[in-house]
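# Structure assessment
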Amino acid sequence: MTNILCIGAGYVGGSTMPIVASHCPQHRFVIVDINEARIAAWQSDNLPIYEPGLDEIVRKTRGKNLFFSTEVDKHIAEADIIFVSVNTPTKTFGQGAGKAADLQYWEKTARQILENSTSSKIVVEKSTLPVRTAEAMERILNSNGNGLHFDVLSNPEFLAEGTAVRDMENPDRVLIGGRNTESGQKAVEALVEIYANWVPRERIITANLWSSELSKLVANAFLAQRISSINAISALCEKTEADVSEVAHAIGLDNRIGKYFLRASVGFGGSCFKKDILNLVYLCEQYGLPEVAAYWEQVVTMNEFQEMRFASNMVASMFNTVAGKRIALFGAAFKANTNDTRESPALEVCRALLEERAEIVITDPHAIENARYDLGELAKRVAFEPDPYAAANGAHAIAILTEWTQFTQLDYEKVHAAMVKPAFIFDGRNLLDHRKLYEIGFNVYPIGRPALTHLL
Ligand code: NAD
Ligand code: UGA
């Protein structure tokens with residue numbers, strides 16, 4: 001039996017480790033966090049994150065070979081392998097503020113591992129980190145004076161929220177980076193053995209440490225770049241009466257381009273795309289590559305443009321004023337099937353409309369609590385309404401900001417009847433049947449398609 005510890009019980013630690021534990025009944029898993037409320041929630045029937053299929057896996061493994069705890073030091077001492085999945089947000093202070101990764105949680109963890117270890121261990125970077133972070137980790141850990149040896153591996157996580165269980169159960173690939181030394185390669189093999197319990201060997205790829213660390217940032221940058229590219233084209237489509245979905249379909253059938261991640265939208269959100277691209281930009285600047293930095297920064301700039309363009313279109317279409325008008329935002333989560341609202345474009349649109357003094361009501365099947373939290377002081381000026389019909393009641397406009405299937409199943413005749421006329425729908429996800437909505441009487445404004453409006 002191997003004692004496997006995961007430090008950080010957030011989205012990544014909390015959704016990956018139960019799945020690993022379910023495939024490795026021969027090993028013992030502990031997930032620790034300094035956040036007591038979070039650990040208590042993981043131990044309860046009300047898990048702290050909403051992720052389809054996860055409840056069942058946690059119920060199956062918890063108390064058998066999976067345990068949650070706040071006793072970080074004790075479990076470090078007992079562990080053979082330690083996954084570190086603490087948060088690595090964008091730095092908000094000092095050098096690199098607004099771009100570089102804030103590594104304070106990461107470094108604290110390294111020191112905690114050093115202080116509490118009485119045996120040699122494998123330490124696995126699961127958090128997303130700047131390239132060459134493992135070097136610093138190795139230096140800290142191997143500065144111990146008692147002959148312990150630590151092998152640091154990079155094993156970036158590629159899961160997407162909302163499909164975390166599926167992504168972990170059936171990953172496109174698992175990437176493991178290690179040192180090209182005898183002990184480094186032994187550590188890589190030990191981690192390969194764990195994944196091989198359910199992942200086909202050919203999908204477990206190994207690389208040098210730096211390639212592995214960098215591949216994670218690059219994967220997110222490429223994914224986000226596709227969204228910014230199609231969103232840039234959506235703006236041109238709106239000017240030319242081309243339809244962005246038709247363009248995406250036509251180009252996506254070219255195998256070299258591929259069909260995924262070409263859905264035009266109000267913008268990409270989530271805790272990672274922006275953070276990781278800015279981290280990449282910062283690294284390029286630090287390594288003296290300003291042109292490369294500027295190239296990638298444009299992906300984020302385009303995303304901000306798309307969010308603001310959407311909000312401005314709303315105001316312009318509603319006769320250049322939304323002051324005092326009730327506007328129902330359908331969706332607060334940054335994508336469907338998650339309760340996560342971090343960097344959600346929905347909240348950006350909300351902020352922009354509040355600036356215009358609109359009266360905002362937000363409805364979302366799972367993310368209302370997080371939206372309230374993320375909006376901070378502004379939440380006082382927003383109404384939160386779990387029932388979408390009640391949210392739309394008396395509204396001048398609806399903005400579809402998250403692609404929840406629930407929103408496709410509403411009776412839009414009923415919704416329309418309860419709204420102020422002329423009634424507007426701004427579909428930031430191209431989720432609904434626009435022709436049908438138009439026939440009901442709505443003025444419909446999709447993304448990257450001509451508007452369907454009854455206005456002269
Ligand atoms: P999160 O904020 O949800 O969770 C991080 C957790 O670490 C928190 O609960 C925090 O309390 C805990 N923590 C911080 N310092 C600690 C310490 N010293 N000891 C114990 N616990 C500590 O973050 P997340 O979304 O799970 O992301 C974690 C990392 O994984 C980030 O680097 C992120 O970029 C990366 N990542 C995230 C996703 C995702 O979908 N969210 C996907 C891939 C990679
Ligand atoms: C993303 C990556 O897909 C994961 O591989 C990665 O592990 C993760 O970031 C991370 O490092 O955190 P995630 O942010 O959870 O996962 O979700 P995505 O499905 O990538 O969606 C991100 C955003 O892009 C969402 O706001 C989504 O609505 C938007 N999006 C996605 C579009 O606007 N259009 C698309 O075609 C696809």
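Preceding this section is the structure that the text describes.
This report concerns the structure included in the present document. (Residues numbered from 1 in each chain as written. Chains lettered and ligands numbered in written order. Predicted model: local features only at pLDDT ≥ 70, side-chain atom pairs only at ≥ 80, totals over all residues. Heavy atoms only, no water.)

Bringing the site of ligand 1 into the picture now. Looking at ligand 1, there are 26 residues lining it, with V12, D33, R38, T88 and K275 nearest. Here D33 contributes a side-chain N or O atom positioned 2.6 Å from an oxygen atom of ligand 1. Between ligand 1 and R38 there is a distance of 2.7 Å, counted from an oxygen atom to a side-chain nitrogen or oxygen. Out of a free accessible area of 830 Å², ligand 1 has 92% covered by protein chains. Among the elements that make up the shell around ligand 1, the one with the highest residue count is helix α5 (residues 104-116) (three residues). (Near = heavy atom within 4 Å. Polar contact = N/O pair within 3.5 Å; in protein donor to acceptor, adjacent residues only side chain to side chain. Areas by Shrake-Rupley, 256 points an atom, 1.4 Å probe, with all protein chains shown as cover. Helix = DSSP H or I, 4+ residues; strand = E, 2+ residues; numbered from the N terminus.)

Here the focus is the sheet that holds strand β11 (residues 382-384). In space, the six strands of this open sheet follow the order β11-β10-β9-β12-β13-β14, with parallel pairing throughout. Edge positions in the sheet fall to β11 and β14 (443-445), since each has one partner strand and no second. Within this sheet the neighbouring strands show an average axis-to-axis angle of 20°, counted without direction. By the bridge criterion, four bridges tie strand β9 (residues 326-330) to strand β12 (residues 397-400) in an arrangement that is parallel. Directly across from A328, in β12, lies its bridge partner I398. Sheet contacts for helix α12 (residues 290-317): β9, β12, β13 (424-427) and β14; angle to β13, the most-contacted strand, approximately 165°. Together, β10 (359-363) and β11 form the strand contacts of helix α14 (residues 368-375), whose direction differs from that of β11 by roughly 165°. (Pairing = 2+ DSSP bridges. Axes fitted to C-alpha atoms, helices over the stretch in contact; angles between N-to-C directions. Contact = heavy atoms within 4.5 Å.)

Now for unusual backbone geometry. In this structure, the amide linkage connecting K421 to the following residue, P422, adopts the cis form with an omega of -5°. The backbone phi angle of N320 is positive, close to 65°, even though this residue is not glycine. When its relative accessible area of 58% is taken as the criterion, N320 is described as exposed. (Buried < 20%, exposed > 50% of the residue type's maximum accessible area, 1.4 Å probe, protein only.)

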